[in-house]
Amino acid sequence: MSLSDTMSSITSSPIASSSSSSSSSPSSSSSSYANSDSSQLTIPTTLLILPPTAAILGFIIGVRRGGSRARLRFLAENAHRAPKTVQGWYFYTKTRNYKMAHGAINYGLKYAAVLSGAAVLYGTLDEGFGWARENIAGIIRYGPQIDPPLSERERAGRWGERTSWKGGESVWWDGSFAGGVLALGVGLRYRLPRQLFVRALVLGVTMGGASTALQIGLARAKVHELERWRAQKAIEQEQERKDEAKRLADTAAVTPLKQQVSQPQPLVVKRIAGAEEPKKSGWWDTFRSWLPGQS
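No experiment lies behind these values; they were computed from the predicted model shown. Every chain's residues receive numbers from 1 upward, in the order its sequence appears when written. For this predicted model, a pLDDT threshold of at least 70 governs which residues receive local features, and a threshold of 80 or more governs which side-chain atom pairs are given and counted, while totals over whole chains, interfaces and linings are taken from all residues. With hydrogens and water excluded, all non-hydrogen atoms of the structure serve as input to the side-chain values.

Notes on the environment of Y122
So, step 1. The residue Y122 is located in helix 4 (residues 86-135) in this model.
So, step 2. It is 9.9 Å that separates the C-alpha atoms of Y122 and G204, two residues lying 82 residues apart in sequence.
So, step 3. Apart from residues no more than four positions distant in its own chain, Y122 is found in contact with L50, G175, A178, G179, L182, G208, S211 and T212. Only runs of H or I of at least four residues qualify as helices and only runs of E of at least two qualify as strands under DSSP, and these elements are numbered from the N terminus. The contact criterion used throughout is that any non-hydrogen atoms of two residues lie within 4.5 Å.

As structure tokens, then:
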């Protein structure tokens, strides 16, 4: 048996095949991990802005209502036992302030949680209706496009794109549907009377449509502002290029003039033929020239 036959029999054995399959498994597992890491969850900008804003607004409303309600309750509970002394009034006022602060904080947190939860539900419904409209119904509406697209510098600055589950522009009825469904759920949950139920439904539809219309207006205003900013930057860059070209032209015009100017030649006094060289005067000759009649 030759060496080549021996090697072929070894490679065709089950052990070799199992080792090759085991060696190829890490690459497949690593590729699967890479695919799993590449999928990322996109959080819409609406869910990043509306819930904190609603929580702050709800906390302010809850603090005002909770403090007022706690104060009235304390006054009603202690109306029949008003203090008689200065020390009694001190502890009465102190206890009332504690009750008011406690009630204000409790109601503030409660209202903040409720309103932020409603904002999260509204944002999810709004984005969900928009996604279903585009991907299921096939109704896609494109607003003004940014041409050319945003650069990396613009994307990192204040011109960052708004993240959304929608591929195109928002439509006002997305927010109206979301607000109507939210108002319907609130009315059924708290069993509102018919008049309040209708008011809540109308208010939800109106506020939802207004919110989406505001988003559309802000997005279009941002596009127009970006176009104006780009036009202004283009004008500034063109002016800088003109100034640079003018400076280079002036430099090129001045350079030949500098080359034409020759270096100053030293003054050379030539000796006249037949003329005597001037005698060097000493101090005695200078003194005699000062005397009268000796010049």
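A closer look at the environment of I49
So, step 1. Relative to the helices and strands, I49 is located in helix 3 (residues 45-77).
So, step 2. Considering only alpha carbons, one finds I49 and A119, 70 residues apart in sequence, at a separation of 9.4 Å.

So, the UniProt feature "transmembrane region" (unreviewed entry) in the chain
So, step 1. UniProt positions are given in the numbering used here, feature names are shortened, and annotations may be inferred rather than shown by experiment. Cross-referencing UniProt, the feature "transmembrane region" (unreviewed entry) maps to residues 41-63, 171-190 and 196-218 in the present numbering.
So, step 2. Counting secondary structure, residues 171-190 comes out at 95% helix and 0% strand; the distance between its end C-alpha atoms is 30 Å.
So, step 3. Taken end to end, residues 196-218 comprises 100% helix and 0% strand; its first and last C-alpha atoms sit 32 Å apart.

Remarks on the pattern of salt bridges
So, step 1. Salt bridge, as used here: a side-chain nitrogen of Lys or Arg that lies within 4 Å of a carboxyl oxygen of Asp or Glu. The full count for this structure, using the stated rule, is 6 salt bridges.
So, step 2. A salt bridge links K166 to D126; the shortest N-O distance between them is 3.3 Å. Of this pair, K166 sits in the loop between helix 5 (152-156) and helix 6 (172-190) while D126 sits in helix 4; the two residues are 40 residues apart in sequence, bridging distant segments of the chain. As far as burial versus exposure is concerned, K166 and D126 are alike and both buried.
So, step 3. Taking the shortest distance from any N to any O, the salt bridge between K166 and D174 comes out at 3.6 Å. Judged on exposure class, the residue K166 and its partner D174 are both buried.
So, step 4. Linked by salt bridges that have partners in common, D126, R133, E134, K166 and D174 make up one network. For the exposure calls, accessible area comes from a 1.4 Å probe over protein chains only, and a residue counts as buried if that area is under 20% of its type's maximum, exposed if over 50%, partly exposed in between.

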